[in-house]
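Here is what each chain is made of, one letter per residue.
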Amino acid sequence: MRSAVLKSTSELLRRSRRGYSSSATPERKVAILGAAGGIGQPLALLMKINPLVSSLSLFDIAGTPGVAADVSHINSPALVKGFMGDDQLGEALEGSDVVIIPAGVPRKPGMTRDDLFNINAGIVKGLCTAIAKHCPNALVNMISNPVNSTVPIAAEVFKKAGTYDEKKLFGVTTLDVVRAKTFYAGKAGLPVSEVNVPVVGGHAGITILPLFSQATPASNSLSQEDIVALTKRTQDGGTEVVEAKAGKGSATLSMAYAGAVFADACLKGLNGVPDVVECSYVQSTVTELPFFASKVRLGKNGVEEVLGLGELNDFEKQGLENLKGELKSSIEKGIKFAHGN
């Protein structure tokens, strides 16, 4: 069994290399801030085997040298360096094309994403201050929760530093899309690899709005009750994992996968691959709210186009109205924190 797994992994790496000629692929540096944590470690592994990454910079307050040594032994091209402590943060960031931020404390049973706010907000503010100084042109992929607030915090930090570019700041909501695809495919009896479901709004509870009416392939086998249940399960996916792990963790592996998927899309966009579209929480005029998750076309400058919501059914229209108050409050909370601390 073990040899079969190793063989399939080796084949994956070979196919990846064939798909991206090293001579034609630009050199790209990716930095992961919080690389020794529950999300950071599997994310480091996944970015190490991504053929678009030539340099992988791993940073955390402790434990990073071990993670860097471990993943550096993998026979894929990316060169890995580990950095530890605030005095090495600048060097870790220097020259980065993409910065992924999973840093912070994870959610525990009974905690909401909002409970994480005071700890993670301060961490994000400090890291973004360093990004503004050392790699102001990097695409910033925010994973640290609550994303609904941490993205506005990052925006305010960058504005204060004079480096803000709304095209280069993303809240990673890809896990909501991954869950919606998986749950929809399972219920509809469709091959999950062929399924797509846009998810809009934010990245917490009722602010997560999967648009199953726009799912492809469409399914006529799902009742309205099924759609309501799938929507609720997508919204509560994080809680489902926290409870299943019984106090010993949160959604780290699936989040690392989702983070790697979105970072890969960003790299493809930077490299000029056409029609790269993912859902992300960005500065937006799609609604009256200043930040909102919807489909985004990625390109050489980050966001090339923020796409509209498309046609919503009555259930989705009501969901959209229901989420606006909570999302607005989370955005304002982030902005207030950025200015008040």
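Residues numbered from 1 in each chain as written. Predicted model: local features only at pLDDT ≥ 70, side-chain atom pairs only at ≥ 80, totals over all residues. Heavy atoms only, no water.

- The chain carries the name Malate dehydrogenase in an unreviewed UniProt entry, which gives Urochloa decumbens as its organism.
- Check the Catalytic activity (unreviewed entry) section of the UniProt entry for the chain; it says "(S)-malate + NAD(+) = oxaloacetate + NADH + H(+)".
- Of the comments in the UniProt record for the chain, the one headed Sequence similarities (unreviewed entry) reads "Belongs to the LDH/MDH superfamily. MDH type 1 family." (UniProt positions renumbered as here; feature names shortened; annotations may be inferred.)

1. So, the pattern of salt bridges
So, step 1. On inspection of all chains with the given rule, the structure shows 11 salt bridges.
So, step 2. Connected through shared salt-bridge partners, D275, R297 and E305 make up one network. (Salt bridge = Lys/Arg side-chain N within 4 Å of Asp/Glu carboxyl O.)

2. A closer look at the nonpolar core
For soluble globular proteins, the rule of thumb is that nonpolar side chains tend to be buried together.
So, step 1. Within the largest apolar cluster, 47 residues are counted, with the highest numbers of intra-cluster contacts made by L33, L93, V99, I101, I131 and F158.
So, step 2. Those elements giving two or more residues to this core turn out to be β1 (29–33), α4 (89–93), β4 (98–101), α5 (117–134), β5 (139–142), α6 (147–161), β10 (291–299) and α11 (314–340).
So, step 3. The leading source of residues in this core is α5, at 8 residues.
So, step 4. Sequence-distant contacts of V99, defined by excluding residues within four places in its chain, comprise A31, L33, L93, I131, C135, A138, L139, V140 and N141. (Core = buried A, V, L, I, M, F, W, Y, C linked by side-chain atoms within 4.5 Å. Buried < 20%, exposed > 50% of the residue type's maximum accessible area, 1.4 Å probe, protein only. Helix = DSSP H or I, 4+ residues; strand = E, 2+ residues; numbered from the N terminus. Contact = heavy atoms within 4.5 Å.)

3. Examining the UniProt feature "active site" (unreviewed entry) in the chain
So, step 1. UniProt tags H203 as "active site" (unreviewed entry).
So, step 2. Counting through the fold element by element, H203 comes out in the loop between β7 (199–201) and β8 (208–210).
So, step 3. Note on H203: relative accessible area 2%, which makes it buried.
So, step 4. Within the structure, the side chain of H203 is placed 2.7 Å from the side chain of D176, a separation counted as a polar contact. (Polar contact = N/O pair within 3.5 Å; in protein donor to acceptor, adjacent residues only side chain to side chain.)

4. Description of empty space enclosed by the protein
So, step 1. Going through the model one piece at a time under the given rule, you end up with 1 cavity of 30 Å³ or more.
So, step 2. Within this model, the largest cavity holds a volume of roughly 70 Å³.
So, step 3. Here the lining of the largest cavity is composed, by residue class, of 7 nonpolar, 1 polar and 2 charged. (1 Å grid on protein atoms, 1.4 Å probe; cavity = no way out; pocket = protein on both sides within 12 Å on 5 of 7 lines; lining within 4 Å. Points joined across faces, edges and corners; volume = space filled by probe spheres on them. Nonpolar A, V, L, I, M, F, W, Y, C, P; charged D, E, K, R; others polar.)

5. A word on α5
So, step 1. Taking 1.5 Å per residue, 18 residues should reach 26 Å; α5 reaches 25 Å between its end C-alpha atoms and fits that length.
So, step 2. Every buried residue belonging to α5 is among F117, N120, A121, V124, K125, L127, C128, A130, I131 and A132, and all of these are buried. (Expected span 1.5 Å × (residues − 1).)

6. Brief notes about the UniProt feature "domain: Lactate/malate dehydrogenase C-terminal" (unreviewed entry) in the chain
So, step 1. As recorded in UniProt, the feature "domain: Lactate/malate dehydrogenase C-terminal" (unreviewed entry) lies at residues 173–337.
So, step 2. Annotation note: span residues 173–337, helix share 47%, strand share 17%, distance between end C-alpha atoms 22 Å.

7. Concerning the packing of aromatic side chains
So, step 1. Within this structure, the stated rule accounts for 4 aromatic pairs.
So, step 2. For the pair F117 and F337, a centre-to-centre distance of 5.5 Å together with 85 degrees between the ring planes defines the contact as edge-to-face. Within this pair, whereas F117 is found in helix α5, its partner F337 is found in helix α11, the two being separated by 220 residues in sequence.
So, step 3. Take F337: its relative accessible area is 11%, and that puts it in the buried class.
So, step 4. Judged by centre distance (5.8 Å) and plane angle (15 degrees), the rings of Y184 and F212 are stacked. Taken as a pair, Y184 in helix α7 (residues 174–188) and F212 in the loop between β8 and α8 (224–235) lie far apart in primary sequence, 28 residues in all. We note that Y184, like F212, is buried.
So, step 5. Stacked on the ring of F183, the Lys or Arg R233 has its end atom at 3.8 Å from the ring centre. (Phe/Tyr/Trp six-rings, centres within 6.5 Å; stacked < 30°, edge-to-face > 60°. Lys NZ or Arg CZ within 6 Å of the ring centre and 35° of its normal.)

8. As for unusual backbone geometry
So, step 1. Residue P146 is bonded to the preceding N145 through a cis peptide linkage, with omega at -5 degrees.
So, step 2. Topologically, P146 is positioned in the loop between β5 and α6.
So, step 3. For A246, which is not glycine, the phi torsion reads 50 degrees and is therefore positive.
So, step 4. Within the secondary structure, A246 sits in the loop between α9 (237–244) and α10 (253–270).
So, step 5. Look at D275: it is not a glycine, yet its phi comes out positive at around 55 degrees.
So, step 6. With respect to the helices and strands, D275 occurs in the loop between α10 and β9 (276–283).
So, step 7. Relative accessible area serves as the criterion here: at 63%, D275 is assigned to the exposed category.

9. Considering the confidence of the model for the chain
So, step 1. Scored by pLDDT, the chain has a mean of 92; 91% of the residues are at 70 or more.
So, step 2. Note that pLDDT drops below 50 for residues 1–6; the model gives that stretch 0 contacts with residues more than four away or on any other chain.
So, step 3. pLDDT under 50 marks residues 15–23. Its contacts with residues more than four places away, or in other chains, come to 9 contacts. (pLDDT = per-residue confidence, 0-100.)

10. Overview of the packing of helix α2 (residues 40–48) against α10
So, step 1. Relative to each other, α2 and α10 sit at 35 degrees, their axes nearing to 8 Å. Relative to α10, α2 is oriented so that their crossing is right-handed. Contacts between α2 and α10 involve P42, L43, L46 and M47 on the former and, on the latter, L253, A256, Y257, G259, A260, A263 and L267.
So, step 2. Across the contact of α2 with α10, the residue classes break down as 10 nonpolar, 1 polar and no charged. (Axes fitted to C-alpha atoms, helices over the stretch in contact; angles between N-to-C directions. Left-handed = near helix turned anticlockwise from the far one by under 90°.)

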